[in-house]
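Structural features, examined
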Amino acid sequence: LLGPSNLRDTTGRIVDWQFDLQTNYYDVPVRNGTTALKFVDARARLLQTDKILDEAAIDPYVFVRDAYLQRRRSLVYDGNPPRVKFDEDY
């Protein structure tokens, strides 16, 4: 439902939720409606990735996991991660 994440992401989501103006809005129908709209929007943005996943992946779980880890590594190193050394490189 929420996509790939780790413990750090979970902590960040909790903090984001606490400081989100939408969750602190007291008109319950408006708050619930905007929350539902946020989830529908997130799912709509991910629909295109389902097509890519079906076409490109032999094993969808491994494909998503590796893509998530590569993106995370790139973000940690500001888009310039160090080269991974393999046994053939020694």
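This text gives an overview of the structure that appears in the document. (Residues numbered from 1 in each chain as written. Predicted model: local features only at pLDDT ≥ 70, side-chain atom pairs only at ≥ 80, totals over all residues. Heavy atoms only, no water.)

All right, on to the overall build of the chain then. Counting secondary structure elements, the chain contains three helices and zero strands. Each helix and strand of the chain, placed in order from N terminus to C terminus, yields the pattern α-α-α. On C-alpha atoms alone, the chain measures out to a radius of gyration of 18 Å, which is more than a quarter above the 12 Å that the 2.2 N^0.38 rule sets for 90 residues. With the C-alpha coordinates of the chain rotated into their principal frame, the extents come out at 60 × 30 × 20 Å. Expressed as a percentage of the 90 residues in the chain, the buried residues total 6%. Considering only residue pairs separated by 6 or more positions, the chain has 27% of its internal contacts joining residues 24 or more positions apart. Accessible surface for the chain amounts to roughly 8,200 Å². Of this, 61% is attributable to carbon and sulfur atoms. (Helix = DSSP H or I, 4+ residues; strand = E, 2+ residues; numbered from the N terminus. Rg over C-alpha atoms; globule rule 2.2 N^0.38 Å. Buried < 20%, exposed > 50% of the residue type's maximum accessible area, 1.4 Å probe, protein only. Contact = heavy atoms within 4.5 Å. Areas by Shrake-Rupley, 256 points an atom, 1.4 Å probe, with all protein chains shown as cover.)

On to the environment of Tyr25, then. Here Tyr25 is to be found in the loop between α1 (7-19) and α2 (28-56). A relative accessible area of 45% places Tyr25 in the partly exposed class. Separated by 22 residues in the primary sequence, Tyr25 and Leu47 place their C-alpha atoms 29 Å from one another.

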